[in-house]
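Now for the letters of each chain:
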There are 2 protein chains.
Amino acid sequence: MFSIVILGTGNVATHMFKAFQNSKATRVIQVYNHRPESLKAFENLVDTTSSISGLKAADLYLLCLKDDVIEKISEQIQSFEAIVAHTSGSQTVLSKPNSAVFYPLQTFSKNSPLDYSKIPICLEANSEENISILKTIASSISNQVFEIDSTQRQTLHLAAVFVCNFTNHLYKIGEDICQKDQMPFDILKALIQETSEKVNRESPSQIQTGPAIRKDSSTIKRHLKQLKDKRHKDIYQLLTQSIIESHD
Amino acid sequence: MFSIVILGTGNVATHMFKAFQNSKATRVIQVYNHRPESLKAFENLVDTTSSISGLKAADLYLLCLKDDVIEKISEQIQSFEAIVAHTSGSQTVLSKPNSAVFYPLQTFSKNSPLDYSKIPICLEANSEENISILKTIASSISNQVFEIDSTQRQTLHLAAVFVCNFTNHLYKIGEDICQKDQMPFDILKALIQETSEKVNRESPSQIQTGPAIRKDSSTIKRHLKQLKDKRHKDIYQLLTQSIIESHD
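No experiment lies behind these values; they were computed from the predicted model shown.

Explain the overall build of chain A to me, please; I cannot follow it from the model alone.
Check the secondary structure of chain A and you find seven helices and eight strands. Each principal axis of the C-alpha atoms in chain A carries an extent, and together these give about 65 × 40 × 30 Å. Residues classed as buried in chain A amount to 56% of the 248 residues present. At a minimum sequence separation of 6, the contacts of chain A that also span at least 24 residues come to 53%. Measuring between centres, the 27 positive side-chain charges of chain A sit 8 Å from its 27 negative side-chain charges.

Here it is in structure tokens:
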């Protein structure tokens, strides 16, 4: 059984903690945060510490931390044999020996339950031995484990911004438009689900629908007239133009 | 049992045909298209015609047609008592007596199976009697039936462009980014599903994640450098700016 110390108490840390607690191959032995108050949610479940010098010996230190503190915290860990892995999509492997990456490609909110077995986990390490250990650990929580280098991971992270972060912002704009006219956003949820499920069956480039792909200029004009928010109008125009050009 | 003639043979017509065939309250008695070759898929299933004068008497003529021909075709139907309803999200009710709207708020592709019971159907009619008939018909295929006026329907249609058509285009850009670096788009599909399912639990304005909402300028800069396609870069900048401003 692999012993794991989780550094961080945010969304990723919370979900990784749950995933590892449910795995038979791993045990989380400690959770670290520099602010004691952030550890409260974990105190009844596991040993906690707010000081790096208080870290227990472990097989894996999992750094679920903001990008800009990963390197600094990593350097303070006296690990010797242990693997020190971060969970960032955009940071490269650190220079320290036994550094690694354990990147779960998913959007995490603390209160949303997740099926961990379906989350792709992208691994990278400095040695064959460490990759092998990380594969065993990752496979104990997920069926989707990939060995991926930093350049590929940065590509995935960039694509993820479009399909997740930007998509959620379009949902927000949809909600804004509904609310302004006192329509319930709920009525759009079946459409949102089906739009996302369709890409499991066909390539998104094959299933584009709507006024832009039809070059239906009278509907486009009316929509632009309906939109009062300058930003929404700009986004409508740019995405409409992009759909038209990329399908020409 | 209500008799229905469907005019049109596209995606909406194909799915409405299937939905009504499976309903105990309705029977599709004929499908029309002005081009005989478009009727081939229906010939073994139902009576077909390529001439308006050959239309059978029915309780409901459902016009699943392009926006710009709806009015013209509608005027040619000698309907008297029957309801003549179109399925467009953006067209108003026609002036002709017994005109109505039967708008299924969903994205339809011919080969994608759908659970019709979850599709919101937005109804509008010129009389109480007709609304009542349409409600009976719509409720026989869906649990989500709404009486909605043209202004409200146009609002929903506009919001649908953002959450469906534009979202699918973001999926396509994600696919483009993956393909350019020989990464499989499949690895992003769990993320796409979870992003869409999250809005069933929380408002999209509450669950925005990613570098823009964190104002993580070093990641944003690196992403813009990674993007080679001018259009993708423009979209990244505009949506990032919009996320930052709308959460300030």
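Please clarify how the relation of the copies chain B and chain A should be interpreted in this entry.
The pair of chain copies shares a relation made of a rotation about an axis and a shift along it. For the pair chain B and chain A, the superposition axis carries a translation of 0.0 Å, the fit reaches an RMSD of 0.0 Å, and the rotation angle comes to 180°. Seen this way, the second copy is the image of the first under a two-fold rotation axis. Taking C-alpha positions as reference, the residue of chain B nearest the rotation axis is B:Thr167, located at 2.8 Å. Here 100% of the contact residues of chain B are again contact residues in chain A; the copies associate through an equivalent surface.

Looking at this structure, I do not really get the interface of chain B and chain A. What am I missing?
Contacts between the two partners involve 87 residues from chain B and, on the opposite side, 87 residues from chain A. Together chain B and chain A conceal approximately 8,500 Å² of surface at their shared face, both sides included; 66% is due to carbon and sulfur atoms. On the chain B side of the contact with chain A, B:Phe162, B:Val163 and B:Ile187 bury the most area, a combined 8% of that side's loss. The partner of B:Arg231 in a salt bridge is A:Glu245, with the nearest N and O atoms 3.1 Å apart. The interface formed by chain B and chain A includes 37 residue pairs in polar contact (both at pLDDT 80 or more). Those elements that place two or more of their residues in the side of chain B that touches chain A are helix H4 (150–180), helix H5 (189–198), helix H6 (217–226) and helix H7 (230–246) of chain B. Broken down by element, the side of chain B that touches chain A gets its largest block of residues, 25 residues, from H4(B). Its residues assigned to classes, the side of chain B that touches chain A shows 39 nonpolar, 32 polar and 16 charged.

For this particular structure, what's the right way to read the environment of A:Ser53?
Within the fold, A:Ser53 resides in the loop between strand E3 (48–49) and strand E4 (60–63). One polar contact links A:Ser53 to A:Ser51, side chain to side chain, over a distance of 3.0 Å.

In this structure, what is going on with the pattern of salt bridges? I would like to understand it.
Between side chains of opposite charge, a pair can form as their charged atoms come close. Residue and element names in this part refer to chain A. Inspection of every chain in the model, using the stated rule, returns 22 salt bridges over all chains. Measuring nitrogen to oxygen at the nearest pair gives 3.4 Å for the salt bridge that ties Glu147 to Lys135. Linking Glu147 in strand E8 (residues 145–147) with Lys135 in helix H3 (residues 128–139), this pair joins segments that are twelve residues apart in sequence. Relative accessible area serves as the criterion here: at 33%, Lys135 is assigned to the partly exposed category.

Help me out: how do you make sense of H3(A) in this one?
Side chains of residues three or four places apart in an α-helix project in the same direction, reflecting 3.6 residues per turn. All names here are of chain A. Between the first and last C-alpha of H3 there are 16 Å, a value that for twelve residues agrees with the 16 Å anticipated at 1.5 Å per step. The complete set of buried residues in H3 reads Asn130, Ile131, Leu134, Ile137 and Ala138. Looking straight down H3, one finds that the buried residues subtend no more than 125° of arc, so they occupy a single side. When the buried face of H3 is taken as reference, the exposed residues oriented beyond 90 degrees from it are Glu128 and Glu129.

Explain the packing of aromatic side chains to me, please; I cannot follow it from the model alone.
Where two aromatic rings form a pair, the distance of their centres and the angle of their planes describe that pair. In the structure shown here, the tally under the stated rule is ten aromatic pairs over all chains. Seen in terms of ring centroids, A:Phe166 and B:Tyr236 are 5.2 Å apart; in terms of plane orientation they differ by 70°. Their pairing is edge-to-face. Residue A:Phe166 is located in helix H4 (residues 150–180), and its partner B:Tyr236 is located in helix H7; the two belong to separate chains. The exposure class of B:Tyr236 is buried, given its relative accessible area of 1%. An aromatic cluster is built from A:Phe162, A:Phe166 and B:Tyr236, whose rings are joined through pairwise contacts.

Could you clarify how one ought to interpret the sheet that holds strand E4 (residues 60–63) of chain B in this entry?
Hydrogen bonds along the backbone pair up the strands of a sheet, which may run parallel or antiparallel. All names here are of chain B. Sheet architecture is open: eight strands sit in the order E3-E2-E1-E4-E5-E6-E7-E8, paired in mixed fashion. Two strands bound the open sheet, and with one partner strand each, they are strand E3 (48–49) and strand E8 (145–147). Of the strand pairs in this sheet, strand E5 (residues 83–86) and strand E6 (residues 99–104) are connected by three bridges, and their pairing is parallel. Looking across to E6, one finds that Val84 is bridged to Ser99. Lying over the sheet, helix H3 (residues 128–139) contacts strand E1 (2–7), strand E2 (26–32), E4, E5, E6, strand E7 (121–125) and E8, oriented at roughly 160° with respect to E7.

Mind showing me how you'd approach the domain arrangement of chain A here?
Accessible area lost during the coming together of the parts is what is often quoted as the interface size. Residue and element names in this part refer to chain A. For chain A, the domain assignment lists domain 1 (2–148) and domain 2 (153–246). Its C-alpha centre places domain 1 at a distance of 35 Å from the equivalent point of domain 2. The interface of domain 1 with domain 2 comprises 14 residues on the first partner and six residues on the second. Scanning the region where domain 1 abuts domain 2 turns up one salt bridge.

It is not clear to me how the sheet that holds strand E7 (residues 121–125) of chain A should be interpreted in this structure. Could you clarify?
Strand order in this open sheet of eight strands is E3-E2-E1-E4-E5-E6-E7-E8 (chain A), and the pairing throughout is mixed. Of all strands in the sheet, those with a lone pairing partner are E3 and E8 of chain A, marking the two edges.

Would you explain the pairing of strand E1 (residues 2–7) of chain A in this entry?
Regular strands have side chains that alternate between both faces of the sheet. Residues and elements named next belong to chain A. For E1, the buried fraction is high: five of the six residues fall into the buried class. Of the pairings in the sheet, the one linking E1 to strand E2 (residues 26–32) comprises six bridges and is parallel in character. Looking across to E2, one finds that Ser3 is bridged to Arg27. As for the winding sense of the linkage, the β-α-β connection from E1 through helix H1 (residues 11–21) to E2 is right-handed.

How should H1(A) be read in this particular structure?
Within H1(A), the full set of buried residues consists of A:Ala13, A:Thr14, A:His15, A:Met16, A:Phe17, A:Ala19 and A:Phe20. The inward-facing, buried residues of H1(A) abut E1, E2, E4, strand E6 (99–104) and H3 of chain A.

The rules behind each value
- Residues numbered from 1 in each chain as written.
- Chains lettered and ligands numbered in written order.
- Predicted model: local features only at pLDDT ≥ 70, side-chain atom pairs only at ≥ 80, totals over all residues.
- Heavy atoms only, no water.
- Helix = DSSP H or I, 4+ residues; strand = E, 2+ residues; numbered from the N terminus.
- Buried < 20%, exposed > 50% of the residue type's maximum accessible area, 1.4 Å probe, protein only.
- Contact = heavy atoms within 4.5 Å.
- Lys, Arg positive; Asp, Glu negative; His and termini not counted.
- Charge placed at Lys NZ, Arg CZ, Asp CG, Glu CD.
- Least-squares fit on C-alpha atoms with pLDDT ≥ 70 in both.
- Buried area = accessible area lost by both parts, 1.4 Å probe.
- Salt bridge = Lys/Arg side-chain N within 4 Å of Asp/Glu carboxyl O.
- Polar contact = N/O pair within 3.5 Å; in protein donor to acceptor, adjacent residues only side chain to side chain.
- Nonpolar A, V, L, I, M, F, W, Y, C, P; charged D, E, K, R; others polar.
- Expected span 1.5 Å × (residues − 1).
- Arc of directions from axis to C-beta.
- Phe/Tyr/Trp six-rings, centres within 6.5 Å; stacked < 30°, edge-to-face > 60°.
- Pairing = 2+ DSSP bridges.
- Axes fitted to C-alpha atoms, helices over the stretch in contact; angles between N-to-C directions.
- Domains from an automatic or database assignment.
- Right-handed = clockwise from strand over helix to strand, strands pointing away.

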